[in-house]
Amino acid sequence: MDRIFSGIQPSGNLQLGNYLGAIRNWARMQHEYECIFCVVDLHAITLPQDPRIMREATREVAAGVIAGGVDPNNCIIFNQSQVSEHSELAWLFNCVARLGWLNRMTQFKEKAGKDRDGAFVGLYTYPVLQAADILAYKATDVPVGEDQKQHIELSRDIAQAFNSMFEVDFFPLPEPRIQKEAARIMSLRDGLKKMSKSDPSDNSRINMIDGPDLIAQKIRRAKTDPEPLPERLEDLTTRPEALNLITIFSALSDRTMQSVVTEFAGKGFGDFKSALSDLAVSTLGPIGDEMQRLMGAPDEVDKILHDGALKAKAIAAPIVAEAKKIVGFLNT
Ligand code: TRP
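Residues numbered from 1 in each chain as written. Predicted model: local features only at pLDDT ≥ 70, side-chain atom pairs only at ≥ 80, totals over all residues. Heavy atoms only, no water.

Participant: Explain the site of the ligand to me, using residue names and the numbers behind them.
Facilitator: Close contacts around the ligand come from 13 residues, with Gly7, Tyr126, Gln130, Asp133 and Gln148 the closest. Within the side chain of Tyr126, an N or O atom sits 2.7 Å from a nitrogen atom of the ligand. Between Gln148 and the ligand, the recorded distance is 3.0 Å, taken from a side-chain N or O atom to a nitrogen atom. Taking 360 Å² as the accessible area of the ligand by itself, protein coverage stands at 90%. Every element with two or more residues in the shell around the ligand is listed here: strand 1 (3-8), helix 8 (126-135) and strand 4 (141-144). Among the elements that make up the shell around the ligand, the one with the highest residue count is helix 8 (4 residues). For the shell around the ligand, a count of residues per class yields 6 nonpolar, 6 polar and 1 charged. (Near = heavy atom within 4 Å. Polar contact = N/O pair within 3.5 Å; in protein donor to acceptor, adjacent residues only side chain to side chain. Areas by Shrake-Rupley, 256 points an atom, 1.4 Å probe, with all protein chains shown as cover. Helix = DSSP H or I, 4+ residues; strand = E, 2+ residues; numbered from the N terminus. Nonpolar A, V, L, I, M, F, W, Y, C, P; charged D, E, K, R; others polar.)

So this is what it looks like as structure tokens:
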């Protein structure tokens, strides 16, 4: 059976884009595959972090993943630092991957910015740790956004290089599964700006933790234009706010944009917004409620992550032990 691995940064403030772009897909995959999902705190410290905020954000992201439908009884969910095999395998891979390969990584260039000499060494070798995340479980499939494709390709290169350096057929070459869906959810206040957790206006976004009332209120206040909705999807290209609301409707209802446009053609935003609000409240409302409940029960979340880490370790430990043996470490 295929084994899925994916990771999410503990950066807090999960919003609609995180749900539609990642978490909802994860929840759907858990019924078909063996799934391992990881809150990547080791990756987080490749940029400076406030320890207390990071600890809270780790719980918050875990709560969001669980509330979003990833069931700890169906798959493994844990935070990376509790399974030491990730770090251990990353070191082996640091001695497989080449400087030249990492020099090509575009995310490092973006994150390091102008002051490259001031960046942590860990930021440079971030994709090597990512390869270790995946290969410590011999995962075959990795659901990620388009921006992570290069890192998954590097993981393949590392797996292949390890196998050929030591003349073994040990690591599988993991496949990226690019999650495109609803990547372009825009701000509710400005249809030309991406919906973002860093926007100063909370009304610009739907947070995963927002309950039914807040969701309804934000949709009611969402920016629109005075025209009724058109019959053809193409006519929305010059109406970014309308296009965005249709995009959200289509994503939440799993319907094509065209079918949504057809249903609401000629109607005003009053009708459309009230339908969108009902839809969003019924799909996202319970997630927000459950997330709030979990945030109020940190012991419950910590226990889930602890149990998940034990299960993860049980898979990773023998694989990493074997990798160490292949490399030639003496183990007495
Ligand atoms: N780098 C990924 C991101 O920023 C997160 C991540 C870490 C990840 N390890 C992973 C994703 C392993 C997939 C597989 O989104």
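Participant: Any details on the side chain of Ser6? Residues and values, ideally.
Facilitator: The topology assignment puts Ser6 in strand 1. With a relative accessible area of 2%, Ser6 lands in the buried category. Within the local environment of Ser6, its side chain forms a polar contact with the backbone oxygen of Pro143, the two atoms lying 2.7 Å apart. Setting aside residues up to four positions removed in sequence, Ser6 forms contacts with Trp26, Ile36, Phe37, Cys38, Pro143 and Val144. (Buried < 20%, exposed > 50% of the residue type's maximum accessible area, 1.4 Å probe, protein only. Contact = heavy atoms within 4.5 Å.)

Participant: Describe the packing of helix 13 (residues 269-295) against helix 14 (residues 298-327), and please don't skip the residues or the numbers.
Facilitator: For any two helices packed against each other, one specifies the crossing angle of their axes together with the interaxial distance. Relative orientation of the contacting elements helix 13 and helix 14 amounts to 90°, with a least axis distance of 6 Å. With respect to their mutual orientation, helix 13 and helix 14 come out roughly perpendicular. Of the residues in helix 14, those touching helix 13 at Arg293, Leu294 and Met295 are Pro298, Glu300 and Val301. Of the residues assigned to the contact of helix 13 with helix 14, the class counts are 4 nonpolar, no polar and 2 charged. (Axes fitted to C-alpha atoms, helices over the stretch in contact; angles between N-to-C directions. Parallel < 35°, antiparallel > 145°, perpendicular 65-115°, else oblique.)

Participant: Outline the pairing of strand 2 (residues 34-39), supporting the account with residue identities and numerical values.
Facilitator: Counting buried residues along strand 2, 5 of its 6 residues qualify, which places the element largely inside the surrounding structure. Across 6 bridges, strand 1 lies against strand 2 in parallel orientation. If you follow Ile4 over to strand 2, its bridge partner there is Cys35. The parallel pair strand 1 and strand 2, bridged by helix 1 (residues 16-29), forms a crossover whose chirality is right-handed. By the bridge criterion, 4 bridges tie strand 2 to strand 3 (residues 76-79) in an arrangement that is parallel. Bridge pairing links Ile36 to Ile76 in strand 3. (Pairing = 2+ DSSP bridges. Right-handed = clockwise from strand over helix to strand, strands pointing away.)

Participant: Quick rundown of the nonpolar core? Include the residues and the values.
Facilitator: Among the nonpolar cores identified, the biggest contains 56 residues, and Ile8, Leu16, Trp26, Val65, Leu252, Phe272 and Leu284 are the most heavily contacted of them. With 9 residues, the top contributor of residues to this core is helix 13. Structurally, this core is a two-domain feature, drawing no fewer than three residues from each of domain 1 (3-183 + 298-327) and domain 2 (202-293). If we ignore the near neighbours within four places in the chain, the residues touching Trp26 are Ser6, Gly7, Ile8, Phe37, Val65, Val70, Pro143 and Gln179. Judged by nonpolar contacts, the second largest core, of 48 residues, contains Cys38, Leu42, Phe162 and Ala323. (Core = buried A, V, L, I, M, F, W, Y, C linked by side-chain atoms within 4.5 Å. Domains from an automatic or database assignment.)

Participant: Any chance you could break down the pattern of salt bridges for me, citing the residues and the numbers?
Facilitator: The tally for this structure, following the rule as stated, stands at 20 salt bridges. We note a salt bridge from Arg156 to Glu175, for which the minimum N-O separation is 3.5 Å. One end of the pair, Arg156, is in helix 9 (residues 149-165); the other, Glu175, is in strand 5 (residues 175-178), with 19 residues separating them in the sequence. Here Asp307 makes a salt bridge to Lys303, at a shortest N to O gap of 2.7 Å. One end of the pair, Asp307, and the other, Lys303, are both in helix 14, 4 residues apart, so they sit about a helical turn from each other. Residue classification places Asp307 among the partly exposed positions, given a relative accessible area of 29%. A single network of salt bridges, built from pairs that share partners, joins Asp202, Arg205, Asp210 and Lys218. (Salt bridge = Lys/Arg side-chain N within 4 Å of Asp/Glu carboxyl O.)

Participant: Got a sec to walk through the domain arrangement of the chain? Specific residues and values, please.
Facilitator: Split into domains, the chain comes out as domain 1 (3-183 + 298-327) and domain 2 (202-293). Computed from C-alpha coordinates alone, the two centres of domain 1 and domain 2 are separated by 32 Å. Interface area, domain 1 with domain 2, both sides summed: about 1300 Å², of which 68% is carbon and sulfur. Counting the contacts that link domain 1 with domain 2 gives 5 residue pairs in polar contact (both at pLDDT 80 or more). Those elements that place two or more of their residues in the side of domain 1 that touches domain 2 are helix 1 and helix 3 (51-67). Of the residues in the side of domain 1 that touches domain 2, the class split is 8 nonpolar, 3 polar and 5 charged. (Buried area = accessible area lost by both parts, 1.4 Å probe.)

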